[in-house]
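Chain and residue survey
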Amino acid sequence: MMIRTVATTPYDDQKPGTSGLRKKVPVFQQPNYAENFIQSVFDSLEGFKGKTLVIGGDGRYYNREVIQTAIRMAAANGFGRAIVGKGGILSTPAASNVIRKHGAFGGLVLSASHNPGGPNEDFGIKYNVGNGGPAPERITEAVFARSKEIDRYLISDGADIDIDEVGEGSVDGMTVEIIDPVADYAALMETLFDFAAIRAMFQGGFRMAFDAMHAVTGPYAKDILERRLGAPGGSVRNFVPLPDFGGHHPDPNLVHAKELYDLMMSAGAPDFGAASDGDGDRNLIIGKGIFVTPSDSLAMLAANAHLAPGYAGGLAGIARSMPTSAAADRVAEKLGIGLYETPTGWKFFGNLLDAGKVTICGEESAGTGSDHVREKDGLWAVLLWLNILAVRRQSVKEIAAAHWAEYGRNYYARHDYEAVDTDAANRLMAELRGKLADLPGMEVNGLTIAFADDFEYRDPVDQSVSRHQGVRIGFEGGSRVVFRLSGTGTSGATLRVYLERYESGPGRLDLATSDALAELVAAADEIAGIARHTGRTEPDVVT
Ligand code: VG1
Ligand code: CO
C-alpha cells in the first residue's frame, strides 16, 4: 500500500449549508469532487495526527463508495484510527454518540438527511467536531475557503476495506475498526429512559406504529422498540434501509408520512405514531387523532422531561431555533430556566450544551434533542414521549389538551415554496430586507406590525456573530411571520414562511390550524409579495 498525492483543481460550489455539503449524486460523482471536499475538511483541522475519526452515513445511494474514499483519505492524512459503522451505517445521533464515547477527534457523516436518495437524487457530507456536534461556522467557512484553492489531496491506494464484518483491520498504518452501529446508541438510551416502565406499558396492550421510512433508523428502532422494549412485532414499519428509500422522501412530515398520518387519524389507530428521517435525527409525533407540531412537542417534552430518569434532576435551560414557535418559552418561564433563541441548524446549539446552559433543544423542522449527544435525535424524542406516556398514563391528546390549558396554544405552520427560481427568491428577500425599517406601525390585512428585523445571533459562549438568519415580522397581539431561504436544498431556492399565532383562554384552544392562521397567511403574501416574485399562489408543502 502506498500514499499518493493526487493533483486536483478546485470546484467553486463546495460551500457547506445548514447541515454540511449537499448536492445531487452526479455532482458528487464528478472527478475528485468528494475527495476535494474531504481534503478541504482535513486541511482546515489541526492536531489530528494519530487520532480517531468516526465515519458513517445514512446508507443512501453512493454511501458505500464515499465511505471507502474517506477511509483511504483518513489513513493518508495521518489519522491513527477510523471507527466505521458496519455497512457504512451510522445514524446522525449515533455518530455523534460514537464520537463522544470513543473520544474521537471528529467524524464524517455522509447524509443528505430528509432529501431523496438514488442515482439522480441527493448526497451529502458533513463534518462533526470532537464534542460530537456539527462543525461550527468558523470551521465550515474555513473548509469553503480551502475548497476554492485546493490543488492536491492525499489518498492511500490500498484495496477496499471489508466494512460488512465487525472487527479490526488496517490501511496504511491506520487501524480501521468496524463497529455495530446500534449497540452504543441503544446502551445510551437505556441510561436515559425507564425501559421497564415502557415495557410494562406495551405489555398492558399499548400499541404504536413507527415508520422508519426505509431509512437509517430501521435497525435502531427494531432493536430498541421491538426487541428491548417489547413492542409487538410489526410496530416498526418500513424498517429495511434502502439506498433510494423506496423512491420516497424520507422526510417525516404530514406530506411524506401521509400513510402514517392517515392511520393515526383512523378509527383503529394505535395509541402512538412516530417516524424519523433519512439520517435518524428528526422525529414526527402523532397521537391517536392528533398531530403534535414539532414546536409543541419541544414544549411538551420540556415540561415533562423530569418524568424520565435521565432528566429527573430538571433542565438547565431550553434552546430553540428562531423560527420555532414560542411554546417552549412559556415552559422555560414557568420552570424559571433560561431560554435561548438561535439561528436555524443544530450547529448553534453545541456551545450552549457544552457550557451547560441548556439541556433540551429543538427546531420546528422536527428536530429535538438533549445534552446526551450534540445532534438532534429522532428516536430519543420518541422514547421520551413513550416514557412520559408510561408515567402519566394519559393519551397524547389528553397531554396536549392539558398543556394548552396551562400555557396557551401557539398555532403554527410552515409553508415551503420549493424549487423557486433562485434570482426571484433572492429578490424577494432583498426587497423585504430593504423595507424593514418602514414596516413597524403599518397595518396589513387588519394586523398591525409591531416589529420587523433580520435575525442576528451573538453566541453567548464564544461571542461569534451570525447575521441575516431570517426576516422576522411581529404583530401586535404576539403573532409572527418569519421568512428565510433554505440552506439544505439542491435545486433552485426554497422559500420557507413560518407562521405563528398565540391563543389562550377557553374556546380558543381547538381551532383548526389553517383557520387560526388564515389572516397571517394573507398578510405574509402582502408583505413579501410571494405570488408577485415567485408566481406561486400556494405552497408546495405545509408542515
Ligand atoms: C432544514 C431545517 C433545519 C434543520 C436542517 C438540517 O434546514 O429547516 O431546521 O436543522 O434542515 O436538518 P433549511 O436550511 O433547509 O431550512 V437535517 O435532518 O436535514 O440534517
Ligand atoms: Co436529518
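The structure presented is a predicted model; accordingly, all values stated were derived computationally and were not measured.

Side note on the overall build of the protein
What the protein contains, in helices and strands, is 17 helices and 27 strands. Radius of gyration (C-alpha) of the protein: 23 Å, near the 24 Å computed for a compact globule of 543 residues. Dimensions of the protein along its principal axes, counting C-alpha atoms only, are 70 × 60 × 40 Å. Counting the 543 residues in the protein, one finds 59% classified as buried. Residue pairs in contact within the protein that sit at least 24 positions apart in sequence constitute 72% of those at least 6 positions apart. When the accessible surface of the protein is summed, it comes to about 19,800 Å², and 48% of that surface belongs to carbon and sulfur atoms.

With respect to the layout of surface pockets
Of the volumes computed, that of the largest pocket is approximately 990 Å³. Along the walls of the largest pocket sit 35 residues, with Lys15, Gly17, Thr18, Ser486 and Gly487 positioned nearest its centre. Elements that contribute at least two residues to the lining of the largest pocket include exactly strand S2 (21–24), helix H5 (137–147), helix H15 (422–434), strand S23 (465–466), strand S25 (480–485) and strand S26 (493–503). Grouping the constituent residues of the lining of the largest pocket by class yields eight nonpolar, 18 polar and nine charged.

Quick word on the site of ligand 1
For ligand 1, the set of nearby residues contains 20 residues, the closest of which are Thr18, Ser113, Ser365, Thr488 and Arg496. For ligand 1, an oxygen atom lies 2.8 Å from a polar atom in the side chain of histidine 114. Contacts to ligand 1 include lysine 376, whose side-chain N or O atom sits 2.7 Å from an oxygen atom. Applying the majority rule of atoms within 2 Å of the grid points places ligand 1 in the largest cavity. By residue class, the composition of the shell around ligand 1 is no nonpolar, 10 polar and 10 charged.

Some words on the sheet that holds strand S17 (residues 360–363)
The sheet built from four strands is open, its strands ordered S16-S15-S17-S18 with mixed pairing. In this open sheet, the two strands that pair with only one neighbour each are strand S16 (338–342) and strand S18 (367–370). Each strand of the sheet is rotated relative to its neighbour by a mean of 15°, with strand direction disregarded. Looking at chain direction, strand S15 (residues 317–321) and S17 are connected through three bridges and run parallel. Its bridge partner being in S17, alanine 319 is matched across the sheet by cysteine 361.

Describing the packing of aromatic side chains
Given two aromatic rings, their pairing is described by the distance between the two centres and the angle made by the two planes. Throughout the structure, instances matching the rule amount to 15 aromatic pairs. Ring centres of phenylalanine 48 and phenylalanine 79 lie 4.4 Å apart, and the angle between their planes is 15°; on these two criteria the pair is classed as stacked. Here phenylalanine 48 is found in the loop between helix H2 (33–43) and strand S3 (52–57), whereas its partner phenylalanine 79 is found in the loop between helix H3 (63–76) and strand S4 (81–89), with 31 residues between them in sequence. Of the two residues, phenylalanine 48 and phenylalanine 79, both sit in the buried class. Ring centres 6.0 Å apart and planes at 65° place the aromatic pair phenylalanine 48 and phenylalanine 105 in the edge-to-face group. One end of the pair, phenylalanine 48, is in the loop between H2 and S3; the other, phenylalanine 105, is in the loop between helix H4 (92–101) and strand S5 (106–110), with 57 residues separating them in the sequence. Under the relative-accessibility criterion, phenylalanine 48 is labelled buried at 6%. Taking NZ or CZ as reference, lysine 334 lies 5.4 Å from the ring centre of tyrosine 407, over its face.

Concerning the pairing of S17
The side chains of a regular strand alternate between the sheet's two faces. Burial of the side chains of S17 extends over both faces: Ile360 and Gly362 are buried on one face and Cys361 and Glu363 on the other. With four bridges joining them, S17 and S18 adopt antiparallel strand pairing. Within the sheet, the bridge partner assigned to glutamate 363 lies in S18 and is glycine 367. Linkage of S17 to S18, two consecutive antiparallel strands, is achieved through a turn of three residues, within which alanine 366 is found at a positive phi near 75°.

Some points on the UniProt feature "domain: Alpha-D-phosphohexomutase alpha/beta/alpha" (unreviewed entry) in the protein
The positions UniProt marks with the feature "domain: Alpha-D-phosphohexomutase alpha/beta/alpha" (unreviewed entry) are residues 14–152, 184–286 and 295–407. Between the end C-alpha atoms of residues 184–286 the distance is 28 Å, and the span holds 37% helix and 13% strand.

Overview of the coordination of the cobalt ion (ligand 2)
Bound to the cobalt ion (ligand 2) are the protein donor atoms Ser113 (OG), Asp277 (OD), Asp279 (OD) and Asp281 (OD), situated 2.0 to 2.1 Å from the metal. On the primary sequence, the residues serving as donors to the cobalt ion (ligand 2) are separated as S-x163-D-x1-D-x1-D. Separated by 166 residues along the polypeptide, serine 113 in the loop between S5 and strand S6 (122–128) and aspartate 279 in the loop between strand S12 (272–275) and strand S13 (284–287) bring together distant segments of the chain. Classification of serine 113 by relative accessible area gives buried; the value is 2%.

Side note on empty space enclosed by the protein
Counted by the stated rule, this structure contains five cavities of 30 Å³ or more. By volume, the largest cavity amounts to about 250 Å³. As for the largest cavity, its lining consists of 24 residues, of which Thr18, Arg282, Ser365, Lys376 and Thr488 are closest to the centre. For the lining of the largest cavity, the per-class residue count stands at two nonpolar, 10 polar and 12 charged. Considering only enclosed or pocket space, the second largest cavity measures out at about 160 Å³ in volume. In terms of lining residues, the second largest cavity is bounded by 16 residues, among which Asn253, Pro294, Glu364, Ser365 and Thr543 are the most central. Broken down by element, the lining of the second largest cavity gets its largest block of residues, three residues, from strand S19 (residues 409–420).

A short note on the sheet that holds strand S10 (residues 208–211)
With respect to topology, five strands assemble into an open sheet ordered S11-S10-S12-S13-S14, the strand pairing being mixed. Either end of the sheet is taken by a strand with one partner, and the two such strands are strand S11 (236–237) and strand S14 (290–292). Relative to S12, S10 is paired through four bridges, and the arrangement is parallel. Directly across from aspartate 211, in S12, lies its bridge partner alanine 275. Running at roughly 20° to S13, helix H9 (residues 258–265) makes contact with S10, S11, S12, S13 and S14 of the sheet. With respect to the sheet, helix H10 (residues 294–304) is in contact with S13 and S14, its orientation differing from that of S14 by roughly 80°.

What counts, and where the lines are drawn
- Residues numbered from 1 in each chain as written.
- Chains lettered and ligands numbered in written order.
- Predicted model: local features only at pLDDT ≥ 70, side-chain atom pairs only at ≥ 80, totals over all residues.
- Heavy atoms only, no water.
- Helix = DSSP H or I, 4+ residues; strand = E, 2+ residues; numbered from the N terminus.
- Rg over C-alpha atoms; globule rule 2.2 N^0.38 Å.
- Buried < 20%, exposed > 50% of the residue type's maximum accessible area, 1.4 Å probe, protein only.
- Contact = heavy atoms within 4.5 Å.
- Areas by Shrake-Rupley, 256 points an atom, 1.4 Å probe, with all protein chains shown as cover.
- 1 Å grid on protein atoms, 1.4 Å probe; cavity = no way out; pocket = protein on both sides within 12 Å on 5 of 7 lines; lining within 4 Å.
- Points joined across faces, edges and corners; volume = space filled by probe spheres on them.
- Nonpolar A, V, L, I, M, F, W, Y, C, P; charged D, E, K, R; others polar.
- Near = heavy atom within 4 Å.
- Polar contact = N/O pair within 3.5 Å; in protein donor to acceptor, adjacent residues only side chain to side chain.
- Sits in = over half its atoms within 2 Å of the grid points.
- Pairing = 2+ DSSP bridges.
- Axes fitted to C-alpha atoms, helices over the stretch in contact; angles between N-to-C directions.
- Phe/Tyr/Trp six-rings, centres within 6.5 Å; stacked < 30°, edge-to-face > 60°.
- Lys NZ or Arg CZ within 6 Å of the ring centre and 35° of its normal.
- UniProt positions renumbered as here; feature names shortened; annotations may be inferred.
- Donors = N, O, S within 2.8 Å, 3.2 Å for Na, K, Ca; no water.

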